[in-house]
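# Structural characterization, general
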Amino acid sequence: VKPAPFTYLAPATLGEVTAELAEWGDDAKVLAGGQSLVPMLNLRLTRFDALVDITGVDELRALDITDDGVRVGAATRHHVLEETPELWEAAPLLPLAAAHIGHFQIRNRGTVCGSVAHADPAAELPAVSIVLGAQMEVAGPGGTRQVDAADFFTGTWTTVLDSDEVLAAIRFPRWASTARFAVEEVARREGDFAIAGAVVAIDTDGQAITRAAIGLFGLGETPLRARAAEAALTGASVSSVDLEEVARLAVDGLDPPEDLHASSGLRARIGAAVVQRGLARALRPAGGPS
Ligand SMILES: Cc1cc2nc3c(=O)[nH]c(=O)nc-3n(C[C@H](O)[C@H](O)[C@H](O)COP(=O)(O)OP(=O)(O)OC[C@H]3O[C@@H](n4cnc5c(N)ncnc54)[C@H](O)[C@@H]3O)c2cc1C
């Protein structure tokens, strides 16, 4: 299957990217790894007069690790997350999540910002971004604006990005070195999008939970924070927290989507199971069995 004809543009700078997007308006689309966009073009589910390939822009290729966190430029591909050992200390959720994304061929081409901009509700990295409290650097013809991850996703495959804007980078703040993390999901086959999944971040003082964030994916139109479950965890004793009850709270009141793979009720049950598994993994004593 072939896409409808389009003009291929390969700008060399971020300024040229936003200028092309401004000139073409709704008739142009950013092309990053192409792992989601190209199949849709090939199947003629969508068409654009111009594709603006951002992967040749040097200034978008940076992966910067600092004391504050990790800044991932828009041309950074998923496999870089798995192949950068420093991330296990700076932002372990990034390599943990990357391992669940598709197959290695997809991780070799797909980009971190592409996954977040594409905003598939079943994708791992959007959920990571809301759990860590990431900041989106959105570049447009008038300059760059910062958007909290919590405000970025507006619906299935939709975000606050305008057609002349590009997600230039994402800043993931560093959590304390005592924090523990987990990504758990259920998919029909290895490499498929998850039916439902959970991203868990927990910090403790050794006795009690001092900070908790849980992100859910596949369970709504956008990635979701499980606020009631987080509130129940915060201040709870590490050794006596009722994980089953917290997991129940995490999906309480949700109305997950229904499709060929799972009914709404099954998705909610899977959601509770992955939250419980993620919490158990994140609360396991360091050095314990994995
Ligand atoms: C078989 C298969 C299995 C997959 N499994 C998973 C999975 O389990 N989990 C998962 O998360 N993903 C999965 N994916 C999708 C993969 O992660 C994609 O790489 C990702 O969704 C999109 O990234 P991309 O760089 O390929 O973006 P593209 O396909 O190039 O673009 C996707 C969309 O995002 C827009 N876009 C891309 N980058 C930017 C940017 N910087 N600024 C503004 N807009 C931008 C494009 O215009 C387009 O609308 C799978 C894909 C396939 C084909």
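As the structure is a prediction and not an experimental result, all values here were calculated from the model.

### Structural notes on the overall build of the protein
Scanning the protein for helices and strands turns up 12 helices and 14 strands. The C-alpha radius of gyration computed for the protein amounts to 19 Å, which stays within 12% of the reference 19 Å derived for 290 residues, consistent with globular compactness. Dimensions of the protein, computed from the C-alpha atoms along their principal axes, are close to 60 × 45 × 30 Å. Counting over 290 residues, the protein shows a buried share of 50%. Considering only residue pairs separated by 6 or more positions, the protein has 61% of its internal contacts joining residues 24 or more positions apart.

### Digging into unusual backbone geometry
Unlike most non-glycine residues, Arg44 shows phi in positive territory, near 60°. Along the chain, Arg44 falls in the loop between helix 2 (37-42) and strand 3 (50-53). One non-glycine residue, Ala119, lies in the positive phi region at around 55°. Structurally, Ala119 is set in the loop between helix 7 (112-118) and helix 8 (124-132). When its relative accessible area of 3% is taken as the criterion, Ala119 is described as buried.

### A look at helix 12 (residues 264-283)
Given a rise of 1.5 Å per residue, 20 residues ought to cover 28 Å, and the 29 Å separating the end C-alpha atoms of helix 12 matches this to within 8%. Turning to helix 12, its buried residues are Ser264, Arg267, Ala268, Ile270, Gly271, Ala272, Val274, Val275, Gly278, Leu279, Ala282 and Leu283. On its buried face, helix 12 sits against strand 11 (180-186), strand 12 (196-204), strand 13 (209-217), helix 10 (227-233) and helix 11 (243-251).

### Points about the site of the ligand
Lining the immediate environment of the ligand, one finds 31 residues, of which Val30, Gly34, Leu37, Thr111 and Glu124 sit closest. Separating an oxygen atom of the ligand from a backbone N or O atom of Val30 is a distance of 2.5 Å. Residue Gly34 places a main-chain N or O atom 2.7 Å away from an oxygen atom belonging to the ligand. Summarising the interface, the protein chains cover 89% of the accessible area of the ligand, which totals 960 Å² for the free molecule. A majority-of-atoms criterion places the ligand in the largest pocket. Counting residues per element, the ones that place at least two in the shell around the ligand are strand 2 (28-31), helix 7 and strand 10 (166-173). Tallying contributions element by element places helix 7 first for the shell around the ligand, with 5 residues. For the shell around the ligand, the per-class residue count stands at 15 nonpolar, 13 polar and 3 charged.

### Let's talk about helix 11
Those residues of helix 11 that fall on the buried side of the exposure criterion are Leu243, Val246, Ala247, Ala250 and Val251. Projected onto a plane normal to the axis of helix 11, the buried residues spread over an arc of 130° and lie on a single side. The N-capping residue of helix 11, defined by a side-chain oxygen 3.3 Å from the backbone nitrogen of Glu244, is Asp242. Phi for Gly253, located one or two positions after helix 11, is positive at around 85°.

### As for the packing of aromatic side chains
Describing an aromatic ring pair means giving the distance of the ring centres and the angle of the ring planes. Evaluation of the coordinates by the stated rule reveals 2 aromatic pairs. Both rings, one in Phe152 and one in Phe153, keep their centres 5.2 Å apart while their planes meet at 85°; by these two values the pair is edge-to-face. Summarising the burial analysis for this pair, Phe152 and Phe153 share the class buried. Considering the side-chain rings of Trp175 and Phe181, the 6.0 Å spacing of their centres and the 65° angle between planes classify their relative orientation as edge-to-face.

### Here we look at the side chain of Thr159
Looking at the secondary structure, you find Thr159 in strand 9 (residues 158-159). When its relative accessible area of 16% is taken as the criterion, Thr159 is described as buried. At 3.1 Å, the side chain of Thr159 forms a polar contact with the backbone nitrogen of Leu161. Filtering out sequence-adjacent residues up to four positions away, Thr159 remains in contact with Val116, Ala117, Ala119, Phe152, Phe153 and Thr154.

Procedures and definitions
- Residues numbered from 1 in each chain as written.
- Predicted model: local features only at pLDDT ≥ 70, side-chain atom pairs only at ≥ 80, totals over all residues.
- Heavy atoms only, no water.
- Helix = DSSP H or I, 4+ residues; strand = E, 2+ residues; numbered from the N terminus.
- Rg over C-alpha atoms; globule rule 2.2 N^0.38 Å.
- Buried < 20%, exposed > 50% of the residue type's maximum accessible area, 1.4 Å probe, protein only.
- Contact = heavy atoms within 4.5 Å.
- Expected span 1.5 Å × (residues − 1).
- Near = heavy atom within 4 Å.
- Polar contact = N/O pair within 3.5 Å; in protein donor to acceptor, adjacent residues only side chain to side chain.
- Areas by Shrake-Rupley, 256 points an atom, 1.4 Å probe, with all protein chains shown as cover.
- 1 Å grid on protein atoms, 1.4 Å probe; cavity = no way out; pocket = protein on both sides within 12 Å on 5 of 7 lines; lining within 4 Å.
- Sits in = over half its atoms within 2 Å of the grid points.
- Nonpolar A, V, L, I, M, F, W, Y, C, P; charged D, E, K, R; others polar.
- Arc of directions from axis to C-beta.
- Phe/Tyr/Trp six-rings, centres within 6.5 Å; stacked < 30°, edge-to-face > 60°.

Shape descriptors only; they carry no functional weight alone.
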